[in-house]
Amino acid sequence: MAGLTITEKIFMRAAGLEEPPVPGEEYLLKVDYAFGNDVTAPLAISQLLKHPEALKRLGRHLPLDRTAFFLDHFIPSPNLDAAETERMMRAFARQYGIPLFTGATHGIEHAYLPEAGLVLPGDVVAGADSHTCTYGGVGALSFGVGSTDLAMILTTGMVGIKFPEQWLFSLEGALQPWVDGKDLILYTIGQIGVKGAAGKTMEFTGSAAERLSMSCRLTMANMAIEAGATNGIFGADNVTYQYCEGRAQRAFNPVSSDPDAAYAKTVSVDVSAIEPQVAFPFLPENARPVSEAAKQNIAIQQVVIGSCTGGRLEDFEAAAKVLEGRHLHPDVRGIALPGTATIYLQLQDRGILRDLVKAGFNVSTPTCGPCLGAFYGLLAPGERAVATTNRNFNARMGHTGSEVYLANAAVAAASGVLGRIAHPKEVV
Amino acid sequence: MVTDTGTAHCYGNNVNTDLIVFAGYLAITDIRRLARHAMETAGNADFLQKLQSPAGVAGDYIVAGDDFGSGSSREHAPAVLLENRVGAVIAKSFSRIFRRNAINVGFPLIECPEAVNSIKQGHEIEVVYDDGQRYGTGIIHNRTTGQSFHFQPLKGLSQLEKEIAAAGGGMQWAVKFAKQLEQAPKAP
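Residues numbered from 1 in each chain as written. Chains lettered and ligands numbered in written order. Predicted model: local features only at pLDDT ≥ 70, side-chain atom pairs only at ≥ 80, totals over all residues. Heavy atoms only, no water.

Regarding the layout of surface pockets
Then, number 1: A volume near 910 Å³ is recorded for the largest pocket.
Then, number 2: As for the largest pocket, its lining consists of 46 residues, of which A198 and G199 of chain A together with F94, S95 and R96 of chain B are closest to the centre.
Then, number 3: Of the residues forming the lining of the largest pocket, the biggest block, 5 residues, is contributed by helix α5 (residues 96–105) of chain B.
Then, number 4: The class makeup of the residues in the lining of the largest pocket is 16 nonpolar, 15 polar and 15 charged. (1 Å grid on protein atoms, 1.4 Å probe; cavity = no way out; pocket = protein on both sides within 12 Å on 5 of 7 lines; lining within 4 Å. Points joined across faces, edges and corners; volume = space filled by probe spheres on them. Helix = DSSP H or I, 4+ residues; strand = E, 2+ residues; numbered from the N terminus. Nonpolar A, V, L, I, M, F, W, Y, C, P; charged D, E, K, R; others polar.)

Encoded structure:
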């Protein structure tokens, strides 16, 4: 038998298979961790309340300490609807013993769960949020599901998922200055398109992937969904073990792909040829080199540095290198959204919080709000933002016709300083 | 045999869930209230005008291109279409999470690229489902042009998805499945 991929190995364990799974076939997997947030959990709660036979099974097939509700999308509540949702979720979580995490106290779900060692290498993680694929960064098989799916998982402990065709992205070469995981994934989505990996796994390997920090890996896996992939994943290696050391809340079974594992497709990427990328409206696949974007003199009115995609310490460190006492252009609003409470404190300890405030940023406690246009930092008609977030769909961050350009944190900071899309080297 | 007739409302490719339900409204958990904002940011004046009229868009069809429902996992997307009694979305293809959400809540989806290429805004459409089963085979009649299109079961419709549809929804399936788990003899 040929070797197995990491995704095949996790599937086989969780589905109890003796033979490798067949692409396109659906399997029921035993779930290791499941969660929802203040957008998706209310519909799951409503389903559970409508089905008492499901409700009474909470904790029976999936232990409650392997579940969570997050208050992170509409937090702190910007309106009475959100306030009512929070009250209802807190009451339900308290009554049924589901752990509840909040933006300011813990963080944004996809930033907090790996940081807190609650999702681990080798796990099957199903979250009612499309960016659940983030945990492929730590070598977990993780993917987004819907609200009823979440209620079904809480009832049965199992999730149905079609086995994705295995695709390998082999990254070789040295990164150019100012390039990080965000650029590698935007470039890749630009190559294959927003549907390019539909029904596939995007597994990342190669010497350049091995050198990537956990921060970069999480950012890349986070955006696998933007190419339509079922999951994005990195095999567990020394970077993974070091990251999990002291964090892991339970024992785990790290896996990685066998050297002779078979893939339906292998894509070789020379990362040394990639410069910082900017994804133009209104799809993440519209990625172009920043030097090309900078030539177009695109004036911007907002920069957003943060979110589950680009709100880790490394992102803010990159932004701080560009800011260095500089102020945002007078026409530009700045919004900084650290991913977790721990990152917020790290920004303070390293003096980056001071740099951000001196530069004129609104520094918020962790929240998803601006990233999805849920609340604050909304764009007026005709306005443009450069954001380290994950989606640049029409109306994503405000009015239809406003525009979001996706980039890494250094490009966002440089663009904020100059008031137009810019390469960091134009500032530093 | 199940037959439904209604007006077609046409959209392009990549109608993502941000366009189906704008995120700013997602704090509203009452689907009846949320349903009034369906497809608001996706445009199409005709759909929005009918949505606000007393009869609503009940029985009408959304016709769209590739990857309908991409982006966020929000189940609000099929839920508001179901609440507005949209007959079905007829598209070239559906995004993974949206597709499963729709099956879990019992909202009809039809994949039929030929029909999508031919149907224009305002055409009167009749859909006949074979055996009365959603997600299976059937025929779309375009009453405006007289053309007909056979459609196949949703691409990759799995045994589990058939079971969910037959059980009447995801929750009904889950309760049944959990009971089976509990009755199964424990492994030694």
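Next comes the rest of the description.
Observations concerning the sheet that holds strand β5 (residues 124–128) of chain A
All names here are of chain A.
Then, number 1: Taken in spatial order, the 5 strands line up as β4-β3-β2-β5-β6 in an open sheet, and their pairing is parallel. Of all the strands in the sheet, the pair left with one neighbour each is β4 (100–102) and β6 (141–144). Taking each pair of neighbouring strands and ignoring which way they run, the sheet shows an average axis angle of 20°.
Then, number 2: Both β5 and β6 contribute to a ladder of 4 bridges, which runs parallel. Each residue of the ladder has a partner; that of A126, found in β6, is F143.
Then, number 3: Taken strand by strand, helix α6 (residues 147–156) contacts β2 (33–37), β3 (67–71) and β5, and its axis lies near 140° from that of β2. (Pairing = 2+ DSSP bridges. Axes fitted to C-alpha atoms, helices over the stretch in contact; angles between N-to-C directions. Contact = heavy atoms within 4.5 Å.)

Focus on the domain arrangement of chain A
Residues and elements named next belong to chain A.
Then, number 1: The assigned domain composition of chain A is domain 1 (7–269) and domain 2 (278–426).
Then, number 2: Averaged C-alpha coordinates put domain 1 and domain 2 at centres separated by 25 Å.
Then, number 3: Each partner contributes to the interface: domain 1 provides 39 residues, whereas domain 2 provides 41 residues.
Then, number 4: Carbon and sulfur atoms make up 61% of the area that domain 1 and domain 2 hide from each other, which totals about 3000 Å².
Then, number 5: Among the salt bridges present, the one from E226 reaches R391, with a minimum N-O distance of 3.0 Å.
Then, number 6: Inspection of the region where domain 1 meets domain 2 yields 20 residue pairs in polar contact (both at pLDDT 80 or more).
Then, number 7: Broken down by secondary-structure element, the contributors of at least two residues to the side of domain 1 that touches domain 2 are α5 (109–115), α7 (181–192) and α9 (214–222).
Then, number 8: Among the elements that take part in the side of domain 1 that touches domain 2, α7 stands out by supplying 6 residues, more than any other.
Then, number 9: Taken together, the residues that form the side of domain 1 that touches domain 2 break down as 18 nonpolar, 15 polar and 6 charged. (Domains from an automatic or database assignment. Buried area = accessible area lost by both parts, 1.4 Å probe. Salt bridge = Lys/Arg side-chain N within 4 Å of Asp/Glu carboxyl O. Polar contact = N/O pair within 3.5 Å; in protein donor to acceptor, adjacent residues only side chain to side chain.)

Points about the interface of chain B and chain A
Then, number 1: The interface of chain B with chain A comprises 46 residues on the first partner and 51 residues on the second.
Then, number 2: Where chain B abuts chain A, roughly 3800 Å² becomes buried across the two surfaces, and 62% of that area is made up of carbon and sulfur atoms.
Then, number 3: By the criterion of area lost to chain A, the three top residues of chain B are A27, R96 and M171 of chain B, representing 17% of everything that side buries.
Then, number 4: On inspection of chain B and its partner chain A, the count reaches 8 salt bridges.
Then, number 5: Between D66 of chain B and K195 of chain A there is a salt bridge, with the nearest N and O atoms lying 3.4 Å from each other.
Then, number 6: Remark: the boundary between chain B and chain A carries 20 residue pairs in polar contact (both at pLDDT 80 or more).
Then, number 7: Looking at the side of chain B that touches chain A, the elements that each hand over two or more residues are α1 (17–20), α2 (31–34), α5, α7 (159–167) and α8 (170–183) of chain B.
Then, number 8: For the side of chain B that touches chain A, the element with the most residues is α8 of chain B, which contributes 11 residues.

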